[in-house]
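# Structural description and commentary
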Amino acid sequence: MEKFDILIVGAGPAGLAAARAATRRKLRTAVVSREAPGGTCVHRGCVPVKSLLASAAARRTGVVPAPDWQTARTRALEMAVHFSRGAASELARSGAAFFLGEAVGAAGDRVRVKPVDAPSFELSARHILFAVGAQPVRPGFLPESSRILDAEGALRLPSLPRRIVILGGGAVGCEFASVFSDFGVETFLVEREAHLLPEIDRDCGVTLAGAFARRGIRVATGTAVEEVREGADGLRVVTADGCVIEADLLLSAVGRRPVPVDGGFRVCGDAAGSVQLAPWAEASAEAAVAAICGEDSAFEGDAIPACVFSHPEVATVGLSETDARARGIPVRVGKAYFRANARAAAVGETVGFAKVVADYVTGRILGAAIVGPGASDVIAAAAIAVRNGLGADALKGVFPHPSFGETLSAAAPQHSL
């Protein structure tokens, strides 16, 4: 039986980050995964979906020749394979041992591994860390049907439907709404909360819903799907407010729940019930390995940005205005709009805004939200400010002209006592 200092179960962002942290500390490291390295992010999430979004954008902006669905889907899956191989190479270079198989039992200092087509075997380690991620939630009222998909099923669609209902207005639902709409699919998005992206700043969800409506995406918020029936020609979807939607397919995107881990083992990443973001999972894994080694294990969760790669993009970091006030923090809020941004006007993307939340007394930046072009890149400046406790003045004069970042700079509230 092989023995290691640390054994990590799972090879997604958290598992890979844990392996990097462990090998950097010269620990003899093993990683066990039931699939090739990369996890949901590489195989079914971040990487292939962003590839589809890029292909969709090419169609929306009139690039010639625009990719068809088959070409876009093939490219997305090829990217997943490419980045999975890159993760495998990184593991090998680090000196970590990789075992392909399912961890079917763990107790004490041992884990039993069952490969797909080979006898099971045991590994032993002084420390065992689970980074097994999360799995899609499937509402109980949905019938069993090939017409009802999760995100992985959507990625593998051989052809496009004419009409689709997307259940859930979070990041996954909004990104796929953008993809399908740009490929000419009649798209209906249903979110039971009062606005899209209900976990973040309300202004972001409201602005995104308006942009979607102008693109022809039908958005219903504040209502739930009560019934889904399958007929010979498709699905009949009924919402709580009496709306009846006829569709060919339904994509369930109502969220993911942590994969349960029994036995009292240390857990990191999505499986720990943390915010389900790859950077957050990586930070969680780094903290877990540091704790195992008796080091300071704290990390700045508020400074990790969250992005939705819809069209327009949405990005946030730190506290929203509502969050800050709920904590009893007096705030000063600044807001600026992309319609006044020269770069946004030049590329024809003027929908959206940037908002900066600062402590009223100290001027320190507490958070920011951006809806608009380049949001996922520009938010990094705000994240650096939040992490380092900088004042709103830190965002002034740091962006070139013309650039999307100037809107974030313009939103930074002036500090005066």
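Look up a bit, the structure's there.
These figures come from a predicted structure and were not determined experimentally. (Residues numbered from 1 in each chain as written. Predicted model: local features only at pLDDT ≥ 70, side-chain atom pairs only at ≥ 80, totals over all residues. Heavy atoms only, no water.)

Here we come to the layout of surface pockets. Each pocket or cavity is described by its volume, and for the second largest pocket that value is around 450 Å³. Looking at the second largest pocket, it is lined by 21 residues, and the ones nearest its centre are Arg60, Ser310, His311, Pro312 and Glu313. At the level of elements, helix 3 (46–60), helix 6 (171–182) and helix 7 (202–214) are the ones that each hand at least two residues to the lining of the second largest pocket. Sorting elements by how many residues they give to the lining of the second largest pocket places helix 3 first, with 6 residues. Looking at the lining of the second largest pocket residue by residue, the classes come out as 9 nonpolar, 5 polar and 7 charged. (1 Å grid on protein atoms, 1.4 Å probe; cavity = no way out; pocket = protein on both sides within 12 Å on 5 of 7 lines; lining within 4 Å. Points joined across faces, edges and corners; volume = space filled by probe spheres on them. Helix = DSSP H or I, 4+ residues; strand = E, 2+ residues; numbered from the N terminus. Nonpolar A, V, L, I, M, F, W, Y, C, P; charged D, E, K, R; others polar.)

Our next topic: the pairing of strand 13 (residues 235–239). Of all the 5 residues making up strand 13, 4 are buried; the element is thus mostly covered by neighbouring parts of the structure. Pairing of strand 12 (residues 225–230) with strand 13 involves 5 bridges; the strand directions are antiparallel. By the bridge assignment for strand 13, Val228 is matched with Val237. In textbook terms, the turn of a hairpin is the stretch between consecutive antiparallel strands, and for strand 12 and strand 13 this stretch comprises 4 residues, one of which, Gly234, has a positive phi near 155 degrees. The pairing of strand 13 with strand 14 (residues 244–247) spans 4 bridges and is classified as antiparallel. By the bridge assignment for strand 14, Val238 is matched with Val244. Following strand 13, the chain reverses through 4 residues before pairing antiparallel with strand 14; Gly242 in that reversal takes a positive phi of roughly 90 degrees. (Buried < 20%, exposed > 50% of the residue type's maximum accessible area, 1.4 Å probe, protein only. Pairing = 2+ DSSP bridges.)

A separate point is the environment of Ala281. In this structure, Ala281 sits in helix 8 (residues 278–292). Look at Ala281 and you get buried, because its relative accessible area is 4%. Separated by 32 residues in the primary sequence, Ala281 and Leu249 have C-alpha atoms spaced 32 Å apart.

A few words on the pairing of strand 21 (residues 353–359). Looking down a regular strand, the side chains alternate between one sheet face and the other. Taking burial as the measure, the 7 residues of strand 21 include 7 buried ones, the bulk of the element. The alternating pattern of strand 21 places Phe353, Lys355, Val357 and Asp359 on one face and Ala354, Val356 and Ala358 on the opposite face, and all of these are buried. Pairing of strand 20 (residues 331–337) with strand 21, which is carried by 7 bridges, proceeds in the antiparallel orientation. Within the sheet, the bridge partner assigned to Lys335 lies in strand 21 and is Lys355. Counting the residues between successive antiparallel strands, the hairpin from strand 21 to strand 22 (residues 365–371) contains 5 residues, one of them, Gly363, with a positive phi of roughly 80 degrees.

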